[in-house]
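What follows is the residue order along each chain.
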Amino acid sequence: MQRQASKREIDAARAEATRLDDERRKADAALAARRQEVAAQQAEVATLAAARTAAATEVARLEEQTARARAAREEEERRLTEASARRGAAETAARAAEARAEAAKAAQAETAARAAKAAAAAPALVAIRDVGFTGDADGGTVALDVGSAAKIDVLSATDTRVEFVVDGAELPSALERKLDVTRFGSPVRAVSSYRDRDQAGRVRIVVDLASPAAPKVSRQGDAVRVSFAGSGRRPARTQDVPPPVVGGYGASSTAVAQTSVAQVSPTRRKVFRGNVVNFDFKEAPLHDLLRAIAEVAKINIVVPEDLNANVTVRLNRVPWDQALEVILASKGMWYRREGNLYRIAKREQIDAEDEKEAARREAMRKSEEPEPEIVILNYASAQELKNKLEPMLSEKGRIEVDARTNSVIVNDIAGVRRRVKDLAQRLDTQTPQISIEARIVEARSTFQRSFGIQWGGNANASAAGGNATGLIFPSSVAFTGGADDAQLNATGVATPSNFAVNLPVAAANALGMSLGSVGGNFNINLRLSAAEDTGSVRIISAPKITVLNNAQATISQGVAIPISVVGASGTQTQFVNADLSLSVTPYVSQSDCSIAMDVNVSKNEADFVNTGARGDPTILRKEASTKMLVADGETAVLGGIYTRNSGLSYSKVPFLGDLPVLGWLFKNRLENDERTEVLVFITPKITNKANLRCQ
């Protein structure tokens, strides 16, 4: 028999089941948390393993670097041990450099102190209005346009760079720039201007030098000029010289390194381009010294066995080729250079070899037979060039001209032919051709204004008119204007006009008014006239002509006016030119293509208003003749004339015309103003500039 559970037991079982479910959920949550902790620990273990691997790699790399550093240190110690013999000279040079550096620092500190004091004392900053440059092969000039309150100081100057400052000044952003001025060919390569970022009110100007030049500062008002004087010489050009080459005056040394120093001897003007060296030896064998020079210059030197001399030298920053020549000259030796090989010998031996070589060449020249060679000319005249080439010929040579082909035939030995041909080809260049245009601008303006007045009439008092005076005498009175004349213009008023004041304006606009009584005993006529004339005339004449350099050109246009001249032989007719003409002779500069000109511009016109006693017209002449320099393609004002003729005149009745206000009833007024202006412009332009050497 089955027993059914009571309600209490069922509830207790359900409560136990619920409790067991809660414990199971808590166990699951704890298990999940534990799993997460295990996963995190595994990830941390993996991270630590990777870090350990990286640390091991880094330790290996550091050990390798330590080994290399140890090897480098050992190599450096070895080098320092080898350099200990030269340490004394280096220490001396270092002490001298320190002394120069301390002096430079002191000078710089003093300059900075002066600049700071000047900046503190300056009441306000002045603006730099312009930073420019002009120059040529003889030198260059940096020009500043700055107020007189600014102070200029040279901060530092070396062979390649000069820096100066402007205190108490402000530089506009447009002038904060770098100017490349290499095209001028001056000692200056570039000019940089910028504001000092560390000190307000200071502007720095840095000048990069292409060759050593000492700065010179001059000031005149607001203009400051810093000049750099050049040597006036162009850079040395290389030329092919047949070997062998003997060292000495006129010989060139080959630069063997990328960095070289150029020095110019003040007497022989020789250029040295070798690397600079420092030597300090006492009683050193000449063999060893020459080996040291060969090592520095990377050249080959051959020294004879009989050269057993000792030399004491102390050279500081001297090019090796100059040091070589000085050392050899001190012992009566010299060298002969053949490519990269220098052979040392006594000077007498080298001179004897040179004499033998010269004798051999002279013998070859005398034995050589002349041969002809044709030089075809494109621009130069063969006949004119012949006279310039003949002095270069040898005693065997001669020059002939072929006018048909414009060629010269040179009949001489090979060396002379080569020189003659080279000179002829250099002289055979295009002649500059210049197109010149002149503009004559004439402007004329006229102004005239006039005011006039006419008034008068008549007044009668008589018995006939019914207005007698009532007196025995005068029984009648009459007033009538009496200023009428034969040229009277009385339109617009009643007749007779009977003007008492007759001051009209000719060819004018007028307004008339007449007033009168019924009986005709009292009449008044008034006529006002006024006129104004304004005019302007502009005339532009532009003659233009093209001409070759150093040749005169003329162009004209006009008429020839016949003029009758009475003389002892009777009446003769002469023709006078009234024309527009341009006459010019240009000269082109071969350096910058500027054009110098002898110019004569004229414009003559016949004036039939002002004539002579026989009715012949006069000539209005406008001429300009001058010499001037104009850049290619630019327009310059040749000259100009400005005239003004102004006037103010009155025609009036004496005394009455001077009365205030009422005086206008007794006068007329004429005002005139005439202005004339003539300007002459000229514009030259080289038409074949692309084929010329100038830039």
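Since the structure is predicted, the reported quantities are computational estimates derived from the model, not experimental observations.

J.: Any chance you could explain the sheet that holds strand 8 (residues 188-195) here in plain terms?
T.: Through backbone hydrogen bonds, the strands of a sheet pair up, either in parallel or in antiparallel fashion. Read from one edge of the open sheet, five strands run 4-5-9-8-7, paired in antiparallel fashion. Looking at strand neighbours, the two that pair on one side only are strand 4 (151-157) and strand 7 (177-180), the edges of this open sheet. Between one strand axis and the next, the sheet turns by 15 degrees as a mean value, whatever way the strands run. As paired strands, strand 8 and strand 9 (residues 202-209) are joined by seven bridges and run antiparallel to one another.

J.: I'm lost on the packing of helix 6 (residues 382-389) against helix 7 (residues 414-427) in this one. Help?
T.: A packed helix pair is summarised by two numbers, namely the angle formed by the two axes and the spacing between the axes. One way to put it is that helix 6 packs onto helix 7 with a least axis distance of 11 Å and a crossing angle of 135 degrees. Accordingly, the angle class assigned to the pair helix 6 and helix 7 is oblique. Helix 7 is crossed by helix 6, and the crossing has right-handed handedness. Contact with helix 6, carried on its side by Leu385, Lys388 and Leu389, involves Val420, Leu423, Ala424 and Leu427 of helix 7 and no other residues of that element. Taken together, the residues of the contact of helix 6 with helix 7 break down into six nonpolar, no polar and one charged.

J.: How should I be thinking about the packing of helix 3 (residues 286-297) against helix 4 (residues 320-330) in this particular structure?
T.: Helix 4 packs onto helix 3 with a crossing angle of 165 degrees between their chain directions and a minimal axis gap of 10 Å. Here helix 3 lies roughly antiparallel to helix 4, going by the angle between them. The element helix 3 and its partner helix 4 pack so that their crossing is left-handed. Together, Leu286, Leu289, Leu290, Ile293 and Ala297 of helix 3 and Trp320, Leu324, Ile327 and Leu328 of helix 4 make up the contact between the two elements. A class-by-class count of the residues in the contact of helix 3 with helix 4 yields nine nonpolar, no polar and no charged.

J.: Just to check I follow, could you spell out unusual backbone geometry for this structure?
T.: It is generally the case that most residues other than glycine have a negative phi and that most peptide bonds are trans. The residue Arg317 is not glycine, and still its phi comes out positive at about 55 degrees. Position of Arg317 relative to the elements: it lies in strand 17 (residues 310-319). Despite not being glycine, Asn406 shows a phi value in the positive range, around 55 degrees. Mapped onto the elements, Asn406 comes out in the loop between strand 21 (398-402) and strand 22 (407-412). On the accessibility criterion, Asn406 (23% relative accessible area) is partly exposed.

J.: Please clarify how the sheet that holds strand 3 (residues 139-145) should be interpreted in this entry.
T.: The four strands are arranged 2-3-11-10 in an open sheet whose pairing can be described as antiparallel. Single-partner strands in this sheet number two, and they are strand 2 (130-136) and strand 10 (215-220). Averaged over neighbouring strand pairs, the angle between their axes works out to 20 degrees when direction is ignored. Alignment of strand 2 against strand 3, held across seven bridges, turns out to be antiparallel. Its bridge partner being in strand 3, Gly132 is matched across the sheet by Ala143.

J.: What is the right way to look at the packing of aromatic side chains in this model?
T.: Aromatic rings in a pair are described by how distant their centres are and how their planes are angled relative to each other. Tallied over the entire structure, the rule returns six aromatic pairs. Feature note: the residues Trp320, Trp334, Tyr335 and Tyr342 constitute an aromatic cluster, connected by ring pairs. Its guanidinium or amino end placed over the ring of Trp334, Arg347 lies 4.5 Å from that ring's centre, counting from NZ or CZ. When the ring centre of Trp664 is taken as reference, the NZ or CZ atom of Lys667 above it lies at 4.6 Å.

J.: Honestly, the environment of Val501 in this entry has me stumped. Any pointers?
T.: Residue placement: Val501 occurs in strand 25 (residues 499-503). For Val501, a relative accessible area of 5% puts it in the buried group. Sequence-distant contacts of Val501, defined by excluding residues within four places in its chain, comprise Ile453, Gln454, Trp455, Ala483, Leu665 and Phe666.

J.: What is the right way to look at the pattern of salt bridges in this model?
T.: Charged atoms that come close allow side chains of opposite charge to pair. This structure, assessed with the given rule, holds 37 salt bridges. With its nearest N and O atoms 2.5 Å apart, the salt bridge here joins Arg204 to Glu163. With Arg204 in strand 9 and Glu163 in strand 5 (residues 161-167), the pair connects residues that are 41 residues apart, well separated along the chain. Among the salt bridges present, the one from Arg204 reaches Asp196, with a minimum N-O distance of 2.9 Å. No difference in accessibility class separates Arg204 from Asp196, as the two residues are buried.

Definitions and limits used
- Residues numbered from 1 in each chain as written.
- Predicted model: local features only at pLDDT ≥ 70, side-chain atom pairs only at ≥ 80, totals over all residues.
- Heavy atoms only, no water.
- Pairing = 2+ DSSP bridges.
- Helix = DSSP H or I, 4+ residues; strand = E, 2+ residues; numbered from the N terminus.
- Axes fitted to C-alpha atoms, helices over the stretch in contact; angles between N-to-C directions.
- Parallel < 35°, antiparallel > 145°, perpendicular 65-115°, else oblique.
- Left-handed = near helix turned anticlockwise from the far one by under 90°.
- Contact = heavy atoms within 4.5 Å.
- Nonpolar A, V, L, I, M, F, W, Y, C, P; charged D, E, K, R; others polar.
- Buried < 20%, exposed > 50% of the residue type's maximum accessible area, 1.4 Å probe, protein only.
- Phe/Tyr/Trp six-rings, centres within 6.5 Å; stacked < 30°, edge-to-face > 60°.
- Lys NZ or Arg CZ within 6 Å of the ring centre and 35° of its normal.
- Salt bridge = Lys/Arg side-chain N within 4 Å of Asp/Glu carboxyl O.

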